[in-house]
Amino acid sequence: MSNAEHQGEAQAAFRDASFLRNPDTRTVKMAHVLRADGTPACGLHALMGDPEPAERIRGVLRCQRAGCRQRWPDTDPDD
Ligand SMILES: [Zn+2]
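From a predicted model like this one, the values you see are computed outputs, not experimental measurements.

**Topic: the overall build of the chain**
When its secondary structure is counted, the chain shows 1 helix and 3 strands. Listed by position from the N terminus, the elements making up the chain come as β-α-β-β. When the 79 residues of the chain are sorted by exposure, 19% land in the buried category. In the chain, of all internal contacts separated by at least 6 residues, the share reaching a separation of at least 24 is 52%.

**Considerations on the environment of A54**
Structurally, A54 can be placed in the segment after strand 3 (52-53). Distance in space between the C-alpha atoms of A54 and A10 is 5.4 Å, their sequence separation being 44 residues. Every residue in contact with A54, bar those within four places of it in the chain, is listed here: A10, Q11, A12, V33, W72 and P73.

**Things to note about the sheet that holds strand 3**
Across the sheet, 3 strands lie side by side as 2-1-3; this open sheet has antiparallel pairing. At either margin of the open sheet sits one strand with a lone partner, and together these are strand 2 (31-33) and strand 3. Here 2 bridges tie strand 1 (residues 11-14) to strand 3, and the two strands are oriented antiparallel to one another. Each residue of the ladder has a partner; that of Q11, found in strand 3, is P53.

**Quick look at the confidence of the model for the chain**
For the chain, per-residue confidence averages 82 on the pLDDT scale, and 72% of positions sit at 70 or higher. Considering each helix and strand of the chain separately, the mean pLDDT is smallest for helix 1 (residues 25-28), with a value of 54, and largest for strand 2, with 96. The low-confidence segment residues 1-6, where pLDDT is below 50, has 1 contact with residues more than four positions distant or belonging to other chains.

**A closer look at the pairing of strand 1**
One ladder, built from 3 bridges, connects strand 1 with strand 2; its direction is antiparallel. Note on strand 2: the bridge partner recorded for F14 is A31.

**A look at the nonpolar core**
Within the largest apolar cluster, 12 residues are counted, these being A12, A13, M30, A31, V33, L34, A41, A54, I57, C63, C68 and W72. Mapped onto this core, the elements with two or more residues apiece are strand 1 and strand 2. Residues contacting C68, with those up to four places away along its chain left out, are H32, V33, P40, A41, C42 and C63.

Basis of the calculations
Residues numbered from 1 in each chain as written. Predicted model: local features only at pLDDT ≥ 70, side-chain atom pairs only at ≥ 80, totals over all residues. Helix = DSSP H or I, 4+ residues; strand = E, 2+ residues; numbered from the N terminus. Buried ≥ 20, exposed ≤ 12 C-beta atoms within 10 Å, placed from the backbone. Contact = placed C-beta atoms within 7 Å. Pairing = 2+ DSSP bridges. pLDDT = per-residue confidence, 0-100. Core = buried A, V, L, I, M, F, W, Y, C linked by C-beta atoms within 7 Å.

Shown next, in the form of structure tokens:
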């Protein structure tokens, strides 16, 4: 994995809740923007799935908590 290629390009990941017995399907399926260290920008402490470009995440699935909210790209694949 080359980090240099992705500088300036937001990465995002879905919370991996596969270890939960009763995952909350309303919040579990939100995607979070990742900081450089791979943790969610909103401060969520959770195991995250595989990172992918934030611009590919549909708008309805984007975490809107402070931290993540202002980091999403303007582009929405649904547009
Ligand atoms: Zn978030």
